[in-house]
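A closer look at the structure
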Amino acid sequence: MSYSAQRLWRRYRSVPIIYRIAVAFVLGSLVGIVVGKPATSLQPLGDLFVRLLKMVIVPIVVFTLIMAARNLSPKNLGKIGAEVVALYLLTTMVAIAIGLGISNLIDPGVGIELAKNANVNAEKAPPLGDVLLGIVPENPVHAMAEGKMLGVIFFSLVFGIGLTVVQDEAEPGSKLADGVSAIFDAVEVGAEVMFKVVWGVMEYGVIGVFALMAALFGQTGIGAIVSLLKLCASLAIAIGIHISVVYLLIIMVGLVRKSPVDFLRGGKDAMMTALSIRSSSGTLPVTMSNADENLGVDEGVYSFSLPLGATINMDGTAMYLGIAAIFTANVVGKSLTLAEQLSVLLTALLASVGTAGVPGASLIMMSVVFTQIGLPLSAIAMVAGVDPLLDRLRTMNNVTGDLAVTTLVAKWNDAIDFTTGVWVDAPADAGGVASTPTTDD
């Protein structure tokens, strides 16, 4: 490869993958609209991207969930840890329910169709009891082979927690303890390998998304844009409800008994940083500073709850999965039953625990959910193009939730000082919010 080609490749690679996919989304859509039916001949290139996504789903879920269970070992939890984890899971479940409710009302996706070969079979939905029983697989290997993701997720978490219990009970330095450590080390290696594989899949995703969108718009025309706008509106409304009702009204007013305005003033640096950089982990230093200096939370609480929240608290993303599931079901002409929507809720809740650190996490989690309820993965390309914008909203929601849960747990454990930072009854312009450096607002 010549020097100029290498420079061009490095400049291309320096652009975040999600933006490259967004550009591919726009260009593919334009090609489909301009060229029309002939653009559907690109469908096989898109189908390859779908097959690659299917290939990585099971191994990435197994490895990442076992590693997540390692971080949730009994000795790391205790009373405060148990409260934090329970609240994170509860708020995530509520977020998914809100997303499903809003998307059922707005019905994004109605009026467009995927390519004919992407339609799903209209099979009879299983009863609610079967969905709940399906969480526990009779044969974990069979569940992995059949893509029954609830069973795969359940077994992976149980196996990981079992390993942590054995490790905690084993004598330090014993063969048993060393064996468990060796298994965790092997799983960590497997997870890192899968991260590299997922990176490669997402790199090809630029081509795959271009091809899928060209084929879609070549078949449906410009009408698909309206449905995508309805998808964006559904998420924006759901996030607005979740922040105002769950975080501010229920947690701040109902449980902490403090002004939601003060809470927003105290966490605004973290929220705006999350909106700017689209990363809960990248925002973590600002989030911890806001919790300490502005909200008066004790370090013993936020030093555990906020890093954990940046890893497992994915309210915004999990909510988005429910909306995307309704969107895709409408696109393929399938009505999701109550049992299937419960399956979406459970799958998104459990998948969010382990896949936060995966490259293209939202697309991987979407693949997991779609596989569980039998929706075509080719629909993922339709939402990938608007993902950079929606990801900012989701990340802001996640960080706001981290701070709200942290504040509540600190209140319950008398580990918060309401006489410091924004909790002081001072004028809004009196400098109540600590000055914390952030990225571009």
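Notes on the structure in this doc start here. (Residues numbered from 1 in each chain as written. Predicted model: local features only at pLDDT ≥ 70, side-chain atom pairs only at ≥ 80, totals over all residues. Heavy atoms only, no water.)

Each helix and strand counted, the protein has 17 helices and 0 strands in total. In the protein, buried positions account for 52% of the 441 residues. Expressed as a percentage of contacts within the protein between residues at least 6 apart in sequence, the contacts between residues at least 24 apart total 83%. (Helix = DSSP H or I, 4+ residues; strand = E, 2+ residues; numbered from the N terminus. Buried < 20%, exposed > 50% of the residue type's maximum accessible area, 1.4 Å probe, protein only. Contact = heavy atoms within 4.5 Å.)

On to the packing of aromatic side chains, then. Using the criterion set out here, one finds 2 aromatic pairs in the structure. Consider the rings of Phe155 and Phe159, whose centres lie 6.0 Å apart with planes at 25 degrees: the pair is stacked. Of the two residues, Phe155 and Phe159 both sit in helix H7 (residues 149-169), 4 residues apart, roughly one turn of that helix. Its guanidinium or amino end placed over the ring of Tyr12, Arg20 lies 4.5 Å from that ring's centre, counting from NZ or CZ. (Phe/Tyr/Trp six-rings, centres within 6.5 Å; stacked < 30°, edge-to-face > 60°. Lys NZ or Arg CZ within 6 Å of the ring centre and 35° of its normal.)

Okay, unusual backbone geometry next. Notably, Asp107 is not glycine yet its phi reads approximately 55 degrees, a positive angle. Relative to the helices and strands, Asp107 resides in the loop between helix H4 (74-106) and helix H5 (128-133).

The interhelical angle for the contact between helix H10 (residues 260-277) and helix H11 (residues 280-294), taken along N-to-C directions, is 175 degrees, at an axis separation of 8 Å. Regarding the angle of H10 to H11, the classification is roughly antiparallel. Taken together, the residues of H11 that come into contact with H10 (itself represented by Arg265, Gly266, Gly267, Lys268, Asp269, Ala270, Thr273, Ala274 and Ile277) are Gly282, Thr283, Val286, Thr287, Asn290 and Asn294. Partitioning the contact of H10 with H11 into residue classes produces 4 nonpolar, 8 polar and 3 charged. (Axes fitted to C-alpha atoms, helices over the stretch in contact; angles between N-to-C directions. Parallel < 35°, antiparallel > 145°, perpendicular 65-115°, else oblique. Nonpolar A, V, L, I, M, F, W, Y, C, P; charged D, E, K, R; others polar.)

Okay, the packing of helix H9 (residues 224-256) against helix H13 (residues 315-331) next. Look at H9 against H13: their axes get within 10 Å of each other, and the N-to-C directions meet at 140 degrees. The orientation of H9 relative to H13 falls into the category oblique. In this structure, H9 meets H13 at a crossing whose hand is right-handed. In this structure, H9 uses Ser227, Leu228, Leu231, Ser234, Leu235, Ala238, Ile239, His242 and Tyr247 to contact H13, whose residues at the interface are Asp315, Gly316, Met319, Tyr320, Ile323, Ala324 and Phe327. Class assignment for the residues of the contact of H9 with H13 results in 11 nonpolar, 4 polar and 1 charged. (Left-handed = near helix turned anticlockwise from the far one by under 90°.)

Another point: the pattern of salt bridges. Counting across every chain of the model gives 5 salt bridges. Where Arg265 meets Asp262, a salt bridge forms, and the shortest distance between an N and an O atom there is 2.9 Å. One end of the pair, Arg265, and the other, Asp262, are both in helix H10, 3 residues apart, so they sit about a helical turn from each other. In this structure, Arg265 and Asp262 share a single accessibility class: buried. (Salt bridge = Lys/Arg side-chain N within 4 Å of Asp/Glu carboxyl O.)

Another point: the side chain of Ser103. Following the sequence through the fold, Ser103 ends up in helix H4. Its relative accessible area of 0% is what places Ser103 among the buried residues. Contacts of Ser103, omitting those with residues within four sequence positions, involve Pro108, Ser234, Gly322, Ile323 and Ile326.

Taken together, the side chains of Asp292, Glu293, Asp298 and Glu299 define an acidic patch exposed on the protein surface. Position of Glu293 relative to the elements: it lies in helix H11. (Patch = residues over 30% accessible without salt bridge, like charges linked within 9 Å, V, L, I, M, F, W, Y side chains within 5 Å. Areas by Shrake-Rupley, 256 points an atom, 1.4 Å probe, with all protein chains shown as cover. Lys, Arg positive; Asp, Glu negative; His and termini not counted. Charge placed at Lys NZ, Arg CZ, Asp CG, Glu CD.)

This part covers a nonpolar patch on the surface. On the surface, a nonpolar cluster with roughly 650 Å² of combined accessible area is contributed by Ile237, Ile241, Val245, Leu249, Ile250, Val253, Leu255 and Trp412. Per-element tally for the nonpolar patch: the top contributor is H9, with 7 residues. Mapped onto the secondary structure, Leu255 falls in helix H9. Taking the relative accessible area as the measure of exposure, Leu255 reaches 38% and is therefore partly exposed.

Between its terminal C-alpha atoms H13 stretches 24 Å, which fits the 24 Å expected from 17 residues at 1.5 Å a residue. Taken across its 17 residues, H13 has 16 buried, putting it largely inside the fold. One or two steps after H13, the chain reaches Gly333, where phi turns positive at roughly 75 degrees. (Expected span 1.5 Å × (residues − 1).)

As a further point, take the environment of Ile364. Relative to the helices and strands, Ile364 is located in helix H15 (residues 361-373). You can call Ile364 buried: its relative accessible area is 1%. Through-space distance from the C-alpha of Ile364 to that of Ala351 is 9.5 Å; in sequence the pair is 13 residues apart.

Turning next to the environment of Asn104. Note that Asn104 resides in helix H4. For the pair Asn104 and Leu336, spaced 232 residues apart in sequence, the C-alpha separation works out to 9.7 Å. At 3.0 Å, the side chain of Asn104 forms a polar contact with the side chain of Gln341. (Polar contact = N/O pair within 3.5 Å; in protein donor to acceptor, adjacent residues only side chain to side chain.)

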